[in-house]
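The chain contents come next:
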Amino acid sequence: MAEQPSLDEEARARGRQLALQARRRRAQIKRDLADGGSVREVIALRDVDPAVARMRARELVEACPGIGPARATRLLADCHVAESRRLRGLGEHQVAALIAALEGGGAGRGRLLVLSGPSGVGKSSVVARLRALRPELIFSVSATTRPPREGEVDGAHYRFVDRATFESMIARGQLLEWAEFAGHLYGTPAAPVDEALAAGTDVLLEIELHGARQVRDSAAGALRVFLAPPSWEVLVERLQGRRTESEDVIERRLETARVELAAEPEFDHTVVNDSVDEAAAAVLDLLDRAAPLAAP
Ligand code: 5GP
């Protein structure tokens, strides 16, 4: 006859079974949240369901649709909830803050970051650094009628289109904003931006002044950052140093840059591009403090 398991073993086996049940229960709750279940109702269960009581706040936040690890970290920090806090340990204010952040108006919506500034200020370098530092940030690929520069890839740097195609995009209302710059048309296709924001992903637009103004009018709550040169002389040097354009194109860009520099006060924040690394870090810092875009 097989030996009877000792009481200790029985207790351990029972413990393992309970832990397994709790894990299954939490997995089920996470699936419900991912399907749009109510955060408020899940948190309320902590008083009656030990598996929910032991669930970490971070697990709850990450289970909500459109919230990745970076966003979860920011959201928990904004709600003053420690990463390791379990639901049973949340205070009243923390519960209210989490519910507001996850279910209130902007729940699940990403932030729209608009980076603007005069031609030659180094927007593209700062954008490249931002994308390296924050790979989950979606970069909006603009449509343009400008011919590609050497090394530019269609669909990655820009969508290069002819004027007729661009005009039909305007006519169909497919652009979030558009403007003419130095003789060419540039615009932001609206659909990819809307989709990314709805999925809770932050989106970056690198656009010129007139476009930034349109975004201010159409997407209240967008974070608009002006990238400024350390000085006018530095800007001139940078524009002249870019040997990809003819003299008159550079002259036109300098003229536009003068006008663009004067628009700095219209923006929410100014970041001086002294060093690309520092400027990118400063922009990310502003983004992390910004609230999600309100639902349309
Ligand atoms: P570039 O020809 O040097 O790539 O860009 C010229 C200017 O157009 C830059 O200031 C750039 O930020 C801006 N730009 C690029 N894409 C867009 C866009 O989709 N909309 C607007 N309004 N400006 C854009």
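Refer to the structure presented above.
A few points on the structure. Quantities reported herein were computed from a predicted structural model and do not represent experimental measurements.

1. Some points on the overall build of the chain
Helix and strand content of the chain: 13 helices and nine strands. For 296 residues, the compact-globule estimate of 2.2 N^0.38 gives 19 Å, and the chain exceeds it by more than 25% at 25 Å. Each principal axis of the C-alpha atoms in the chain carries an extent, and together these give about 95 × 40 × 40 Å. When burial is assessed residue by residue, the chain has 43% of its 296 residues classed as buried. Within the structure as shown, the chain displays about 15500 Å² of accessible surface, and the carbon and sulfur contribution to it stands at 52%. Averaging the coordinates of the 40 positive side-chain charges in the chain and doing the same for the 45 negative ones gives two points 6 Å apart.

2. Description of helix α6 (residues 92-103)
For α6, which comprises 12 residues, the first-to-last C-alpha distance of 16 Å matches the rise-based estimate of 16 Å (1.5 Å per residue) to within 8%. Close packing links the buried residues of α6 with α2 (39-44), α4 (57-63) and α5 (69-78).

3. Some points on the site of the ligand
Around the ligand, the surrounding shell holds 16 residues, and the nearest of these are Lys123, Arg146, Tyr158, Tyr186 and Glu206. Side-chain polar atom of Glu177 to a nitrogen atom of the ligand: 2.7 Å apart, as the coordinates give it. Here the ligand has 510 Å² of accessible area as a free molecule, and 95% of this is covered by the chains. Taken together, the elements giving at least two residues each to the shell around the ligand come down to β5 (175-181) and β6 (184-189). Residue composition of the shell around the ligand, grouped by class: five nonpolar, four polar and seven charged.

4. Overview of the sheet that holds β5
An order of β4-β3-β6-β5 is seen for the four strands of this open sheet, with the pairing classed as mixed. A strand with exactly one partner marks an edge of an open sheet, and here the two such strands are β4 (158-160) and β5. Sheet twist, expressed as the mean angle between neighbouring strand axes with direction ignored, is 25°. Across six bridges, the pairing between β5 and β6 is antiparallel. Considered in β6, the bridge of Leu175 is made with Pro189. Seen against the sheet, helix α8 (residues 163-171) touches β3 (142-144), β4, β5 and β6 and runs at an angle of roughly 140° to β5.

5. Examining the packing of helix α7 (residues 123-133) against helix α13 (residues 276-289)
One way to put it is that α7 packs onto α13 with a least axis distance of 9 Å and a crossing angle of 60°. When the interaxial angle is binned, α7 and α13 end up oblique. Handedness of the crossing formed by α7 with α13: right-handed. Contact with α7, carried on its side by Ser125, Val126, Arg129, Leu130 and Leu133, involves Val276, Asp277, Ala279, Ala280, Val283 and Leu284 of α13 and no other residues of that element.

Reading the values: the criteria
Residues numbered from 1 in each chain as written. Predicted model: local features only at pLDDT ≥ 70, side-chain atom pairs only at ≥ 80, totals over all residues. Heavy atoms only, no water. Helix = DSSP H or I, 4+ residues; strand = E, 2+ residues; numbered from the N terminus. Rg over C-alpha atoms; globule rule 2.2 N^0.38 Å. Buried < 20%, exposed > 50% of the residue type's maximum accessible area, 1.4 Å probe, protein only. Areas by Shrake-Rupley, 256 points an atom, 1.4 Å probe, with all protein chains shown as cover. Lys, Arg positive; Asp, Glu negative; His and termini not counted. Charge placed at Lys NZ, Arg CZ, Asp CG, Glu CD. Expected span 1.5 Å × (residues − 1). Contact = heavy atoms within 4.5 Å. Near = heavy atom within 4 Å. Polar contact = N/O pair within 3.5 Å; in protein donor to acceptor, adjacent residues only side chain to side chain. Nonpolar A, V, L, I, M, F, W, Y, C, P; charged D, E, K, R; others polar. Pairing = 2+ DSSP bridges. Axes fitted to C-alpha atoms, helices over the stretch in contact; angles between N-to-C directions. Parallel < 35°, antiparallel > 145°, perpendicular 65-115°, else oblique. Left-handed = near helix turned anticlockwise from the far one by under 90°.

All quantities given are derived from atomic positions and should not be read as evidence of function.
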